[in-house]
Amino acid sequence: MATMTYAEAGKQALAEEMRRDPLVWAVGEDLGRGGVFGQYKGLVEEFGPLRISDAPISEAAILGASVGAAMTGTRPVVEMRFADFALCAVDELINQAAKARFMFGGQARVPLVVREPMGMWRSSAAQHSQSLEGWYTHIPGLVVACPATPADNKGLLKTAIRSDDPVVYFEHKNMWALEGEVPDGDVTIPFGVARTAREGRDLTIVSWSATVHAATKAAETLAGEGIEAEVIDLRTLWPWDRDAVFASVARTGRLLVAHEAVQVGGFGAEVAATVAEHCFKALRAPVRRLGSPRVPIAYAPPLEDLLRVTPDKIAEAARALVAA
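What you are looking at is a predicted structure, and each value in this text was computed from that prediction instead of being measured.

### Points about the overall build of the protein
For the protein, the count of helices and strands is twelve helices and 14 strands. Here the protein has a C-alpha radius of gyration of 19 Å; the compact-globule value for 324 residues is 20 Å, and the two agree. Principal-axis analysis of the C-alpha atoms places the extent of the protein at approximately 60 × 45 × 40 Å. In the protein, which comprises 324 residues, the proportion classed as buried is 56%. Counting contacts in the protein only where the partners sit at least 6 residues apart, residues at least 24 apart contribute 82% of the total.

### A word on the side chain of D233
Along the chain, D233 turns up in strand β11 (residues 229–233). For D233, a relative accessible area of 0% corresponds to the buried category. At 3.1 Å, the side chain of D233 forms a polar contact with the backbone nitrogen of R235. Non-local contacts of D233, meaning those with residues more than four positions away in its chain, are made with A148, D152, A194, R195, S207, W208, S209 and V212.

### Concerning the sheet that holds strand β9 (residues 195–198)
Think of a sheet as strands paired side by side through backbone hydrogen bonds, with each pair either parallel or antiparallel. Ordered by their spatial adjacency, five strands build an open sheet running β9-β11-β10-β13-β14, and the pairing between neighbours is mixed. The open sheet is flanked by β9 and β14 (288–292), the only strands paired with a single partner. Between one strand axis and the next, the sheet turns by 25° as a mean value, whatever way the strands run. When β9 meets β11, the two strands line up antiparallel, connected through three bridges. Bridged to R198 within β11 is V231.

### Describing the packing of aromatic side chains
One pair of aromatic rings is described through two measures. These are the centre distance and the angle between the planes. The full count for this structure, using the stated rule, is nine aromatic pairs. Note on W208 and F267: the rings are 5.9 Å apart at their centroids and 75° apart in plane angle, and the pair reads as edge-to-face. Taken together, the positions of W208 in the loop between β10 (203–207) and α8 (211–223) and F267 in helix α10 (residues 267–278) put the pair 59 residues apart, joining distant regions of the chain. In this structure F267 comes out as buried when scored by relative accessible area, which is 5%.

### Side note on the sheet that holds strand β6 (residues 143–145)
In space, the seven strands of this open sheet follow the order β3-β2-β4-β5-β7-β6-β12, with mixed pairing throughout. For this open sheet the edge positions go to β3 (52–54) and β12 (236–238), each flanked by a neighbour on one side alone. This sheet shows a mean twist of 20° between the axes of neighbouring strands, independent of strand direction. Lying over the sheet, helix α3 (residues 59–71) contacts β2 (24–28), β4 (75–79) and β5 (113–118), oriented at roughly 165° with respect to β4.

### So, the nonpolar core
Of all hydrophobic cores here, the largest spans 45 residues; its most connected members are L112, L234, V271 and V275. Going through the elements one at a time, β2, α3, α4 (90–97), β5, β7 (167–172), α9 (242–252), β13 (255–262) and α10 are the ones with two or more residues in this core. Looking at this core element by element, the count peaks at five residues for α3. The residues contacting V271, other than those within four sequence positions of it, are V206, L234, W240, L255 and V257.

Reading guide: rules and limits
- Here the residue numbers are simple positions, counted from 1 along each chain's written sequence.
- Whole-chain, interface and lining totals are the exception, using all residues; otherwise, since this is a predicted model, local features are given only for residues with pLDDT of at least 70 and side-chain atom pairs are given and counted only at 80 or more.
- Water and hydrogen atoms were dropped before computing side-chain values, which therefore reflect all heavy atoms in the structure.
- Numbering of helices and strands runs from the N terminus; a helix is a DSSP stretch of H or I covering at least four residues, while a strand is a stretch of E covering at least two.
- Every radius of gyration here is taken over C-alpha atoms, with the globule rule written as 2.2 Å times N^0.38, N being the number of residues.
- Any residue under 20% of the maximum accessible area for its type is buried, any over 50% is exposed, and the rest in between are partly exposed; the area is computed with a 1.4 Å probe on protein chains only.
- By definition, residues are in contact when any of their heavy atoms lie within 4.5 Å.
- In protein, a polar contact requires one atom able to donate a hydrogen and another able to accept it; more generally it is a pair of N or O atoms within 3.5 Å, and residues adjacent in sequence count only if both atoms are side-chain atoms.
- Should DSSP find at least two bridges between two strands, the strands are taken to pair.
- A fitted line through C-alpha atoms serves as each axis, taken over the contacting stretch for helices, and the angle formed by two N-to-C directions is quoted from 0 to 180°.
- Only centres within 6.5 Å qualify two rings of Phe, Tyr or Trp (six-membered ring in Trp) as a pair; their planes then separate them into stacked at under 30 degrees, edge-to-face at over 60, and tilted for everything else.
- Buried residues of nine kinds, namely Ala, Val, Leu, Ile, Met, Phe, Trp, Tyr and Cys, make up a nonpolar core once their side-chain atoms join them within 4.5 Å.

What follows is the structure in structure tokens.
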């Protein structure tokens, strides 16, 4: 084990995969100077500008060229800088990358990783703070990953780079400096396998990305009140680990889904509906969701804070669920 930041873990994963496979390369804006958040720092010195490639300011061109490069045999890792900026290239991702394998009858694959830094970052405002992971789960052909820890950022990114399907890879902007233990060696994490961040008996809290840490803090507060919450980190939203969630709900009888994305149409609704359909006999209270309201994210910190899904809000929702 080594202790490192979330950003360093992702950088280490990419470097190891580039050393292992000469067909792996990265492309995006600002990579030569280390990336917006330093997550590529030092890589151009090792691998050169042909494999750590600086691109013009055109997300559509970056992703379109990368889809073609993936279909012809390489494994591009595409840096979008912010998840919001990837909206300029959704046609290339959704209408081309996601559908190529199906439309060519399995004769073509698109081994592509699209890194999309997500979430609220202090005073980044409405165009730089969105959590759009739920959008991509709606698209057949895409894998969606949302690592919450340094260890998962390394293990899931390595798995994503080796995948023969396009992966939309969400790294939360507020977690780059988060430190944690990361296993040594070539350790990968399979898609569709959740992590139990905390065990409990009274209710299940399902989350992903940065909200996992808010849920864990809420669970610690609740434990002081005699309420033991189990926290499940999905890690990937598609595929998602239904069996782990079902097994937890079967033990606790209650489910709260919490995420930073807008609650309306969020992936939490998919989890809630699926559990309601398959675990209704085990439920002792209605399933509850907690997400951001359907409003643009404000620039002003006090207004921004009103939209956040905080440990206090999660604990409050959990208390109400247990009392129901």
